[in-house]
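# Close look at the chain arrangement
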Amino acid sequence: MEPLQFTSLPSLFFTNCNRTDFEGWFQRVNGEWIHFSREKIKRETEALALAFHDHGIKEKESIGIIAPSSPAWVFADIAAQINHAAIVPLFPNISFENFDFQCKDANVQILVIYNISDLEAPLREKLSRFKTVICIDPTTELPENGIYWDDLIKDGYGLLQEESAPQWIESQIHSIHPDDLFSIIYTSGSTGTPKGVDLSHRNMLSQIQNLLPRFPLYRKTDTALTVLPVAHAFERMAVYFYILNGITLYFADDPKNLPAILPEVRPTLMIVVPRILERLYDKMTAAGDKARGPKRWLVKQAIKIAKIENPTKRPSLMRRLCDKLVYKKMREAIGGNFRLIVSGGSALNKSICRFLLNIGLTVYEGYGLTECSPVISVNYAGNMQPGSVGKPLAHLDVKIGDNSEVLAKGDSVFKGYHNLPELNKEIFTSDGYFRTGDQGQLDEEGYLSLTGRIKELLKTSTGKYVSPNPIELEICRHPLIEAALVVANNRKFASVLVFLNDEYAKRMLKKTKADFDISKAMQSKHINEAISRHIGRINKKLNHWEQIRKWTLVGDPLTIESGLLTPTLKLRRKATEEKYAQQIEKMYQ
């Protein structure tokens, strides 16, 4: 094990609070940015830790949190750790069964929630099982065992005045061992029963420590925007990475507000999932439709060049000209100040990645899993190969095992799932490597490329295997397609549900928002022929048993609230197949 710069996340956190050049954090509330000074960040976290203790949280117990990203989320995280308890991130749209299971499995005793109304009625009926329910929103109703966040903090400040308080906090932090549990994060991906990922302080500390040489940050000039849920392991790791470097952090209120937020904040850093970049891409390329005359031709040409040129090669004269006349304005529309954007969670459309790189946005694609805290590999300056997920982090030992499975071992890899000893015997090889379940290959230069997912291999009724992920990624390269779900398990042939991108459909049909009708768009001969040609081109590259024989167009919006998307904005395979069972069956009649 390599030496750690800090022995725990709270020690890292408070070291940052004591930096005189740390300018604090900002949170967007009702369109305004609220400032949190370093002194407030420190004192509020200490007060919360004492209040948690006063409300009976004990070592080995857990605190569940259902709330949007905010400084309060991080305060709760650190305060729980000071009490030697673990934070369990939960989501408002969680099913009753999963909520009940996760709270019992992780021994959740205190629940922090933004607003009681965020929970479905069956979940609200379960609130009496907790010692305390803490409500952040001061306007929400309180359950009998409830307390408002502001009142809890006020109580904590009172406890902070006691003479023994500073010594208790220091003793609690000092007694945290790097291998102690800091969080239990339940993950089910797109299928399966939730499994609690036990992450230790060492896991997270070694992760962020080893990212620093690849992504050096600068306190005086860098500002970061957090737009993903902090409950997501990727964003949570990023927040601790920013804390390690002491840079100013802005908490966005909603990813939908990005077009307004980016020019306000002008961040240099941002962690995203592909869907966010796809939305930015849609906004940027829509500019060509709004322009008129010679300007329209210029923008269209610039977009075309950005889509086809190789970003790793010296830019052509035309691309350099487009940079001055078009790309610069595109960058300014999203703040004009980005130094790097890291994309993970799922594969980024290659065409979109190429476009963003060519217009001057430095987008680095990476790969990881919650079980690995979460980054395994990532592209970075001077070591970038578009289409790959980069090189493994220096402290990790990554190799390709049987069935092309990616295997990983190192300090940021977890020790096992919570309360699942039998499963833990299966997920590691005899020599200690974690079986990721992802298929991939390492080239001679050490770049990792993903080729599929073992657990999601679909077996047709004829006994042939179909790997859906690569096919779905190819299908989603068409701008008309928001998402795709390949169906083949126990079927005679492969079919696909195709989710229409309504923004691009509007543009293709030359409709305004007011006169656009999604049902009419789905019947459009122009749209259907375009998708059919695209799938036909993909089929030519596939084995005959993998080829898409039938497809169905879906016009429903994809949201986390609908249950079709995971919190990391990936399509839930099982839920989607269940919801569209009739459409699927129709393809096989």
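Attention in this report is confined to the structure presented alongside it. (Residues numbered from 1 in each chain as written. Predicted model: local features only at pLDDT ≥ 70, side-chain atom pairs only at ≥ 80, totals over all residues. Heavy atoms only, no water.)

### Details of the packing of aromatic side chains
If you walk through the whole model with that rule in mind, you get 19 aromatic pairs. With a centroid separation of 6.2 Å and 65° between ring planes, the pair formed by F36 and F75 is classed as edge-to-face. One end of the pair, F36, is in strand 2 (residues 32-36); the other, F75, is in helix 3 (residues 71-82), with 39 residues separating them in the sequence. A centroid spacing of 5.3 Å and a plane angle of 85° characterise the contact between F414 and F434, whose relative ring orientation is edge-to-face. Of this pair, F414 sits in the loop between strand 18 (405-409) and helix 15 (421-426) while F434 sits in strand 19 (residues 434-442), and the two are 20 residues apart along the sequence. Look at F414 and you get buried, because its relative accessible area is 1%. Linked through ring pairs, F13, F14, F22, W25, F36, F75 and F251 together constitute an aromatic cluster. If you follow R129 out to its NZ or CZ, it ends over the ring of F130, 5.1 Å from the centre. Positioned over the ring face of Y588 is R491, at 4.7 Å from the centre of the ring. (Phe/Tyr/Trp six-rings, centres within 6.5 Å; stacked < 30°, edge-to-face > 60°. Helix = DSSP H or I, 4+ residues; strand = E, 2+ residues; numbered from the N terminus. Buried < 20%, exposed > 50% of the residue type's maximum accessible area, 1.4 Å probe, protein only. Lys NZ or Arg CZ within 6 Å of the ring centre and 35° of its normal.)

### Observations concerning helix 8 (residues 201-211)
With respect to burial, helix 8 is a largely interior element, 11 of its 11 residues being buried. Where helix 8 is concerned, the buried positions are H201, R202, N203, M204, L205, S206, Q207, I208, Q209, N210 and L211. As for helix 8, its buried residues are in contact with helix 1 (9-17), helix 3, strand 8 (181-187), strand 9 (195-200), helix 9 (233-245) and strand 15 (375-378). (Contact = heavy atoms within 4.5 Å.)

### Some details on the sheet that holds strand 23 (residues 481-487)
Strands pair in a sheet through their backbones, by hydrogen bonds, and they do so in one of two ways: parallel or antiparallel. Taken in spatial order, the 3 strands make up an open sheet running 23-24-25, and their pairing is mixed. Edge positions in the open sheet fall to strand 23 and strand 25 (548-554), since each of these has one partner strand only. Within this sheet the neighbouring strands show an average axis-to-axis angle of 20°, counted without direction. One ladder, built from 6 bridges, connects strand 23 with strand 24 (residues 494-500); its direction is antiparallel. For V486, the partnering residue across the bridge sits in strand 24 and is V496. (Pairing = 2+ DSSP bridges. Axes fitted to C-alpha atoms, helices over the stretch in contact; angles between N-to-C directions.)

### Let's talk about the environment of P470
Tracing the sequence through the fold places P470 in helix 16 (residues 468-475). Assessed through its relative accessible area of 30%, P470 is described here as partly exposed. As for P470 and T451, which are separated by 19 residues in sequence, their C-alpha atoms are 6.5 Å apart. Among all residues touching P470, those that are not within four sequence positions of it are T451 and G452.

### Description of empty space enclosed by the protein
Gaps left between atoms are located by rolling a probe of water-molecule size over the structure's atoms. This model, assessed by the stated rule, comprises 1 cavity of 30 Å³ or more. By volume, the largest cavity amounts to about 40 Å³. Looking at the largest cavity, the residues that line it are Q5, F6, L205, I208, Q209 and L244. Examining the composition of the lining of the largest cavity, we find that 3 residues originate from one element, helix 8, more than from any other. (1 Å grid on protein atoms, 1.4 Å probe; cavity = no way out; pocket = protein on both sides within 12 Å on 5 of 7 lines; lining within 4 Å. Points joined across faces, edges and corners; volume = space filled by probe spheres on them.)

### Quick notes on the pairing of strand 24
Of all 7 residues that make up strand 24, 7 are buried, and the element is covered over most of its length. Neither face of strand 24 is open: one carries A494, V496, V498 and L500, the other S495, L497 and F499, and all of them are buried. Turn length for the strand 23-strand 24 hairpin, with the two strands adjacent in sequence and antiparallel, is 6 residues, and the turn residue N490 shows positive phi of about 60°.

### Observations regarding the sheet that holds strand 14 (residues 363-368)
A sheet is described by the order of its strands in space; here 9 strands give the open sequence 2-1-11-10-12-13-14-15-16, paired in mixed fashion. Each having just a single partner strand, strand 2 and strand 16 (391-392) make up the two edges of the open sheet. Where strand 13 (residues 340-343) meets strand 14, 3 bridges bridge the pair, whose relative direction is parallel. Residue pairing in the sheet places V342 in a bridge with Y364 of strand 14.

### Looking at unusual backbone geometry
Residue P374 is reached from S373 by a cis peptide bond, and omega for that bond is -10°. Within the secondary structure, P374 sits in the loop between strand 14 and strand 15. Located in the positive-phi region is K60, a residue other than glycine, with phi close to 80°. For K60, the position within the fold is in the loop between helix 2 (38-54) and strand 3 (62-66).

### A look at the nonpolar core
By size, the foremost hydrophobic cluster in this structure holds 134 residues, and its most contacted members are W25, F52, W149 and Y242. The dominant element in this core, judged by the number of residues it contributes, is helix 9, at 10 residues. Sequence-distant contacts of Y242, defined by excluding residues within four places in its chain, comprise L217, A224, E235, I247, L249, L269, M270 and I271. Membership of the second largest hydrophobic core comes to 25 residues, among which are I475, A505, F516 and I531. (Core = buried A, V, L, I, M, F, W, Y, C linked by side-chain atoms within 4.5 Å.)

### Re the packing of helix 1 against helix 2
Where helix 1 meets helix 2, the closest approach of the two axes is 9 Å, and the angle between their N-to-C directions is 145°. Residue-level inspection shows F13, F14 and C17 of helix 1 in contact with helix 2, the latter providing R38, I41, K42, T45 and E46. Its residues assigned to classes, the contact of helix 1 with helix 2 shows 4 nonpolar, 1 polar and 3 charged. (Nonpolar A, V, L, I, M, F, W, Y, C, P; charged D, E, K, R; others polar.)

### Re a negative patch on the surface
On the surface, D54, D150, D151, D155 and E162 cluster together into a negatively charged patch. Per element, the largest residue contribution to the negative patch is 3 residues, and it comes from helix 6 (residues 149-160). The topology assignment puts E162 in the loop between helix 6 and helix 7 (165-174). (Patch = residues over 30% accessible without salt bridge, like charges linked within 9 Å, V, L, I, M, F, W, Y side chains within 5 Å. Areas by Shrake-Rupley, 256 points an atom, 1.4 Å probe, with all protein chains shown as cover. Salt bridge = Lys/Arg side-chain N within 4 Å of Asp/Glu carboxyl O. Lys, Arg positive; Asp, Glu negative; His and termini not counted. Charge placed at Lys NZ, Arg CZ, Asp CG, Glu CD.)

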